[in-house]
Amino acid sequence: MPGSVSDAVESTAPAQRPSALTVVGGLLAAAAAAAVGNAVVALVAHAGGASHDFAPLTPSAYVPLTVIGVLLGAVGWVIVRRAAKNPTGLLRWLAPVVVVVSFVPDLALLGGGMAGSGPLAIVALMVMHVVVGAVAVFGYRRVLPLPVR
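Position numbers for residues count from 1 along each chain, tracking the sequence in the order it is written. Totals for whole chains, interfaces and linings use every residue, but because this is a predicted model, local features are given only for residues with pLDDT of at least 70 and side-chain atom pairs only at 80 or more, for both listing and counting. Side-chain measures were taken over the full set of non-hydrogen atoms in the model, leaving aside hydrogen atoms and water.

Trainee: Before we move on, can you summarise the overall build of the chain with the specific residues and values?
Mentor: Helix and strand assignments follow DSSP, with helices taken as H or I runs no shorter than four residues and strands as E runs no shorter than two, numbered in order from the N terminus. Along its length, the chain carries 6 helices and 0 strands. Accessible area is worked out with a 1.4 Å probe on protein chains only. A residue is then buried under 20% of its type maximum, exposed over 50%, and partly exposed in between. The buried share among the 149 residues of the chain stands at 32%.

Trainee: Provide a residue-level description of the layout of surface pockets, including the pertinent values.
Mentor: There is about 660 Å³ of room inside the largest pocket. Residue lining of the largest pocket: 29 residues in total, with G69, V98, H129, V132 and G133 positioned closest to the centre. Elements with a contribution of two residues or more to the lining of the largest pocket: α3 (59-83), α4 (87-101) and α6 (119-143). In terms of residue count, α3 provides more of the lining of the largest pocket than any other element does, 10 residues in total. Taken together, the residues that form the lining of the largest pocket break down as 20 nonpolar, 8 polar and 1 charged. Here a cavity denotes grid points, spaced 1 Å and computed from the protein atoms alone, that fit a 1.4 Å probe unable to get out, and a pocket denotes an open set having protein on both sides within 12 Å along at least 5 of 7 lines; residues with an atom within 4 Å of a point are the lining. Grid points are joined across faces, edges and corners, and a volume is the space filled by probe spheres set on the points. Three classes are used: nonpolar for Ala, Val, Leu, Ile, Met, Phe, Trp, Tyr, Cys and Pro, charged for Asp, Glu, Lys and Arg, and polar for all others, with Gly counted as polar.

Trainee: So what about the packing of α3 against α6? Which residues, and what values?
Mentor: Each pair of packed helices gets described by two things: the angle between the helix axes and the distance between those axes. Comment: axis = line fitted to C-alpha atoms, over the contacting stretch for helices; angle = value between 0 and 180 degrees taken between N-to-C directions. As a packed pair, α3 and α6 sit with axes 10 Å apart at the nearest point and diverge in direction by 45°. Between α3 and α6, the crossing angle belongs to the class labelled oblique. Crossing hand, α3 versus α6: right-handed. Facing Y62, T66, G69, V70, G73, A74 and W77 of α3, the residues of α6 in contact are M128, V132, A136, V137, Y140 and R141. Across the contact of α3 with α6, the residue classes tally to 9 nonpolar, 3 polar and 1 charged. Roughly parallel here means an angle under 35 degrees, roughly antiparallel means over 145, roughly perpendicular means 65 to 115, and every remaining angle is called oblique. Each crossing gets its handedness from the near helix: less than a right angle anticlockwise from the far helix is left-handed, clockwise is right-handed. Whether two residues are in contact is decided by their heavy atoms, any of which lying within 4.5 Å being enough.

Trainee: How would you sum up α4? Please name residues and give values.
Mentor: The span expected for a helix works out to 1.5 Å for each residue beyond the first. Compared with an ideal rise of 1.5 Å per residue, which puts 15 residues at 21 Å, α4 spans 20 Å between its outermost C-alpha atoms and is within 8% of the ideal. For α4, the set of buried residues is P87, L91 and V99. Contacts made by the buried residues of α4 are with α3, α5 (103-108) and α6.

Trainee: Go over the packing of aromatic side chains with me, naming the residues and quoting the values.
Mentor: Two rings belonging to Phe, Tyr or Trp (six-membered ring only in the last case) form a pair when the distance between their centres is within 6.5 Å. Interplanar angles under 30 degrees mark stacking, angles over 60 mark edge-to-face geometry, and anything in between is tilted. For the structure shown, the criterion picks out 1 aromatic pair. When the ring of W77 is compared with that of Y140, the centres are 5.3 Å apart and the planes differ by 50°; the resulting orientation is tilted. In this pair, W77 sits in helix α3 while Y140 sits in helix α6, placing the two residues 63 residues apart along the sequence.

Trainee: If you had to explain the confidence of the model for the chain to someone new, which residues and values would you point to?
Mentor: Summary of the metric used: pLDDT quantifies the predictor's per-residue confidence within the range 0 to 100. Summarising the model, the chain shows a mean pLDDT of 89, and 89% of its residues fall at 70 or more. Ignoring residues within four places in sequence, the model shows residues 3-14, a span with pLDDT below 50, making 2 contacts including any to other chains.

Trainee: Tell me about a nonpolar patch on the surface, and please be specific about residues and values.
Mentor: A cluster of nonpolar side chains, namely W93, V97, V101 and V104, defines an oily patch on the protein surface of about 390 Å² accessible area. If you tally residues by element for the nonpolar patch, the top one is α4, at 3 residues. Position of V101 relative to the elements: it lies in helix α4. Patch definition: residues above 30% relative accessible area lacking any salt bridge, with like charges linked at up to 9 Å and the nonpolar side chains Val, Leu, Ile, Met, Phe, Trp and Tyr linked at up to 5 Å. Areas reported here follow the Shrake-Rupley algorithm with a probe of radius 1.4 Å; residue values treat only the protein chains shown as occluding. Throughout this description, the term salt bridge denotes a Lys or Arg side-chain nitrogen within 4 Å of a carboxyl oxygen of Asp or Glu.

Trainee: Account for the environment of V99, naming residues and giving values.
Mentor: Examined against the element boundaries, V99 turns out to sit in helix α4. Given the relative accessible area of 17%, V99 is considered buried. Considering only alpha carbons, one finds V99 and V132, 33 residues apart in sequence, at a separation of 8.9 Å. With residues up to four places along the chain from it excluded, the contact list for V99 reads H129, V130 and G133.

Trainee: Lay out the packing of α3 against α4 in plain terms, naming residues and giving numbers.
Mentor: Where α3 contacts α4, the two axes come as close as 8 Å, and the packing angle between them is 145°. Along its contact with α3, which presents W77, V80 and R81, the element α4 presents P87, L90, L91 and L94. Residue composition of the contact of α3 with α4, by class: 6 nonpolar, no polar and 1 charged.

Quick look at the structure:
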């Protein structure tokens, strides 16, 4: 029926594929924003009493790992985006599961073995994983939009 919602949806042109420059710029922006967020988490943790000896809360440790996390997440996002029948549904539960699984190495540090690895430092590290995941997903949705199937 002309003028119906389904007619409007069908007549709408498919979304433009983002340029490589847009994707790269978006991923760099996401990595930078996540690194800034992680810097705030580290500062708050140190102000709250987390040891300055805990290496993962130093920029030389978390900035490269933040960038790597954003880039690896983008690879996973692209794979799911292309291969899944329902990428939105899959990513709705997969992204949080990946973040929770990323806590396992952090929790392993609670047993000691690393200078300054007290509970506050470990919680801060886990919060950093959440920051990276949230910022990255926001960025991916902007520059690597999910197809409507």
